[in-house]
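These are the residues of each chain, in order.
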Amino acid sequence: MGRLFLIYLEGNTYTCKHCATHLALARDVISKSFTSRHGKAYLFDKVLYRPNIILLYDSVNVTVGEKEDRMMITGVHTVVDIFCVGCGSILGWKYEAAHDKSQKYKEGKFILERFKVLGPDGSSYSNTQEAQMDGSDADDE
């Protein structure tokens, strides 16, 4: 499998709840009003990821899956799931393309499901409700 290289962030970070791999900085949260299959989710401007070996944002802490069109509350989006490289857990997704003009602001942005990560203070989010829909997206803003 090879050696695993991880980047450690300084400051208030969101980490994988299973293995504590650093994922994103709190200052990169765009919105906390998103909903996912497991409850609350946060929209991030940046998450530490490596798309197809070309390093962007100087990191390798998250990898991506295959592109797929997914029906969400706000319409169809082309997304790739994102996975923790430390433990392989699915953490959320990256918006590759939005099919509706009003949703274009999401392109290139990331969703981290709150249920899958630890917040900057080390707290975890536990959802006691089932998600309303199989698809997920932003709440009405």
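Residues numbered from 1 in each chain as written. Predicted model: local features only at pLDDT ≥ 70, side-chain atom pairs only at ≥ 80, totals over all residues. Heavy atoms only, no water.

*Asks:* Is there a simple way to think about the side chain of Thr21 in this case?
*Replies:* In this structure, Thr21 sits in the loop between β1 (13-16) and β2 (22-25). For Thr21, a relative accessible area of 3% translates into the label buried. Thr21 has contacts with Leu6, Tyr14, Thr15, Cys16, Asn61, Cys84 and Gly86, leaving out every residue within four places of it along the chain. (Helix = DSSP H or I, 4+ residues; strand = E, 2+ residues; numbered from the N terminus. Buried < 20%, exposed > 50% of the residue type's maximum accessible area, 1.4 Å probe, protein only. Contact = heavy atoms within 4.5 Å.)

*Asks:* Just to check I follow, could you spell out the pairing of strand β7 (residues 90-98) for this structure?
*Replies:* The side chains of a regular strand alternate between both faces of the sheet. With 7 bridges connecting them, strand β6 (residues 75-84) and β7 associate as antiparallel partners. Across the sheet, the residue bridging to Thr78 is Ala97, located in β7. (Pairing = 2+ DSSP bridges.)

*Asks:* What is the right way to look at the sheet that holds β1 in this model?
*Replies:* Hydrogen bonds along the backbone pair up the strands of a sheet, which may run parallel or antiparallel. What the 3 strands build is an open sheet, ordered β2-β1-β9; its pairing is antiparallel. In the strand order of this sheet, the two ends are held by β2 and β9 (117-118), each with one partner. As paired elements, β1 and β9 share 2 bridges and run antiparallel to each other. Its bridge partner being in β9, Thr15 is matched across the sheet by Leu118.

*Asks:* Whenever I open this one, the pattern of salt bridges confuses me. Can you help?
*Replies:* Opposite charge on two side chains permits pairing when their charged atoms draw close. Scanning all chains against the criterion turns up 5 salt bridges. Asp81 is paired through a salt bridge with Arg70; the nearest N and O atoms lie 2.9 Å apart. A residue pair is termed long-range when its members are at least 10 positions apart, and Asp81 in strand β6 and Arg70 in strand β5 (residues 62-72) qualify at 11 residues. You'll find Asp81 and Arg70 in the same group, each marked buried. Put simply, Glu96 and Lys94 hold a salt bridge, and the shortest N to O gap is 3.4 Å. A relative accessible area of 11% means that Lys94 is categorised as buried. A single network of salt bridges, built from pairs that share partners, joins Glu68, Arg70 and Asp81. (Salt bridge = Lys/Arg side-chain N within 4 Å of Asp/Glu carboxyl O.)

*Asks:* Would you explain the nonpolar core in this entry?
*Replies:* In terms of nonpolar packing, the biggest core is built from 15 residues, with Leu23, Phe44, Val47, Ile82, Leu91 and Leu112 touching the most fellow members. At the level of secondary structure, the elements contributing two or more residues to this core comprise β1, β2, β4 (39-44), β6 and β8 (110-113). Counting 8 residues, the second-largest nonpolar core is a separate cluster that includes Phe34, Leu43, Trp93 and Ile111. (Core = buried A, V, L, I, M, F, W, Y, C linked by side-chain atoms within 4.5 Å.)

*Asks:* What am I meant to see in the packing of aromatic side chains here?
*Replies:* Going through the model one piece at a time under the given rule, you end up with 3 aromatic pairs. Summarising the aromatic geometry, the rings of Tyr14 and Phe44 are spaced 5.2 Å apart at their centres and angled 80 degrees between planes, so their arrangement reads as edge-to-face. Of this pair, Tyr14 sits in strand β1 while Phe44 sits in strand β4, and the two are 30 residues apart along the sequence. Classification of Phe44 by relative accessible area gives buried; the value is 0%. Aromatic rings pair up to connect Tyr14, Tyr42 and Phe44 into one cluster. Here the basic side chain of Arg70 rests over the ring of Trp93, its NZ or CZ set 6.0 Å away from the ring centre. (Phe/Tyr/Trp six-rings, centres within 6.5 Å; stacked < 30°, edge-to-face > 60°. Lys NZ or Arg CZ within 6 Å of the ring centre and 35° of its normal.)

*Asks:* Explain the environment of Cys16 here, please?
*Replies:* Inspection of the secondary structure puts Cys16 in strand β1. Cys16 sits 108 residues away from Ser124 along the chain, and the two C-alpha atoms are 9.9 Å apart. Not counting the four nearest positions on each side in its chain, Cys16 is found in contact with Thr21, Leu23, Cys84, Cys87, Leu91, Lys116 and Leu118.

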